[in-house]
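Report on the structure
In case you want the letters, here they are:
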Amino acid sequence: MSRTEKIPSDAEAARHARFGRLPERIRLEDTTEGHAATVLDPARDAYNYDEWLVRMCL
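Let me sum up the structure you'll find in this document. (Residues numbered from 1 in each chain as written. Predicted model: local features only at pLDDT ≥ 70, side-chain atom pairs only at ≥ 80, totals over all residues. Heavy atoms only, no water.)

1. So, the overall build of the chain
Along the backbone of the chain there are 3 helices and 0 strands. Relative to its length of 58 residues, the chain is extended, with a C-alpha radius of gyration of 33 Å against a globular reference of 10 Å. In terms of its C-alpha atoms, the chain occupies a principal-axis envelope of roughly 100 × 25 × 20 Å. Expressed as a percentage of its 58 residues, the buried residues of the chain come to 0%. If the 9 positive side-chain charges of the chain are averaged to one point and the 11 negative ones to another, these points end up 14 Å apart. (Helix = DSSP H or I, 4+ residues; strand = E, 2+ residues; numbered from the N terminus. Rg over C-alpha atoms; globule rule 2.2 N^0.38 Å. Buried < 20%, exposed > 50% of the residue type's maximum accessible area, 1.4 Å probe, protein only. Lys, Arg positive; Asp, Glu negative; His and termini not counted. Charge placed at Lys NZ, Arg CZ, Asp CG, Glu CD.)

Next comes the structure, spelled out in C-alpha coordinates:
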(Lines give C-alpha, C1' and ligand atoms only; values in the text may rest on other atoms or scores of the structure.)
Protein backbone atom coordinates (compact mmCIF):
# COMPACT_ATOMS: atom_id res chain seq x y z
CA MET A 1 0.00 0.00 0.00
CA SER A 2 1.60 3.24 -1.09
CA ARG A 3 0.95 6.56 0.56
CA THR A 4 1.11 9.66 -1.49
CA GLU A 5 1.59 12.79 0.51
CA LYS A 6 1.50 16.12 -1.19
CA ILE A 7 4.42 18.29 -0.27
CA PRO A 8 3.50 21.97 -0.69
CA SER A 9 5.69 24.04 -2.95
CA ASP A 10 7.17 27.34 -1.86
CA ALA A 11 4.50 29.27 -3.77
CA GLU A 12 1.69 27.30 -2.13
CA ALA A 13 3.20 27.81 1.32
CA ALA A 14 3.55 31.56 0.73
CA ARG A 15 -0.03 31.79 -0.58
CA HIS A 16 -1.35 29.86 2.42
CA ALA A 17 0.60 32.08 4.83
CA ARG A 18 -0.92 35.19 3.22
CA PHE A 19 -4.48 34.05 2.45
CA GLY A 20 -4.91 31.01 4.69
CA ARG A 21 -7.05 32.77 7.29
CA LEU A 22 -9.64 35.51 7.40
CA PRO A 23 -8.61 39.04 8.40
CA GLU A 24 -9.45 40.30 11.85
CA ARG A 25 -12.92 41.75 12.28
CA ILE A 26 -13.25 45.52 12.28
CA ARG A 27 -15.94 47.00 14.51
CA LEU A 28 -18.47 49.32 12.88
CA GLU A 29 -17.55 52.07 15.34
CA ASP A 30 -13.99 51.98 13.99
CA THR A 31 -15.13 52.47 10.37
CA THR A 32 -17.37 55.53 10.77
CA GLU A 33 -16.74 59.05 11.95
CA GLY A 34 -19.34 61.64 12.81
CA HIS A 35 -18.90 65.39 12.80
CA ALA A 36 -20.79 68.44 11.63
CA ALA A 37 -20.50 69.11 7.90
CA THR A 38 -20.26 72.86 8.46
CA VAL A 39 -19.72 75.03 11.48
CA LEU A 40 -23.03 76.34 12.76
CA ASP A 41 -23.31 80.12 12.38
CA PRO A 42 -26.15 81.61 14.46
CA ALA A 43 -25.92 84.94 12.61
CA ARG A 44 -26.50 83.24 9.26
CA ASP A 45 -29.39 81.15 10.48
CA ALA A 46 -31.13 84.03 12.28
CA TYR A 47 -34.32 85.21 10.61
CA ASN A 48 -34.32 88.80 9.44
CA TYR A 49 -37.85 90.24 9.38
CA ASP A 50 -36.93 92.96 6.88
CA GLU A 51 -35.17 90.68 4.40
CA TRP A 52 -38.37 89.85 2.51
CA LEU A 53 -38.82 93.58 1.83
CA VAL A 54 -35.39 93.83 0.27
CA ARG A 55 -35.89 90.71 -1.86
CA MET A 56 -39.47 91.34 -2.98
CA CYS A 57 -39.86 95.11 -3.13
CA LEU A 58 -36.54 96.42 -4.45
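2. Some details on the environment of aspartate 45
Checked against the element boundaries, aspartate 45 lands in helix 2 (residues 42-45). What makes aspartate 45 exposed here is its relative accessible area of 57%. Linking aspartate 45 and arginine 21, residues 24 residues apart in sequence, is a C-alpha distance of 53 Å.

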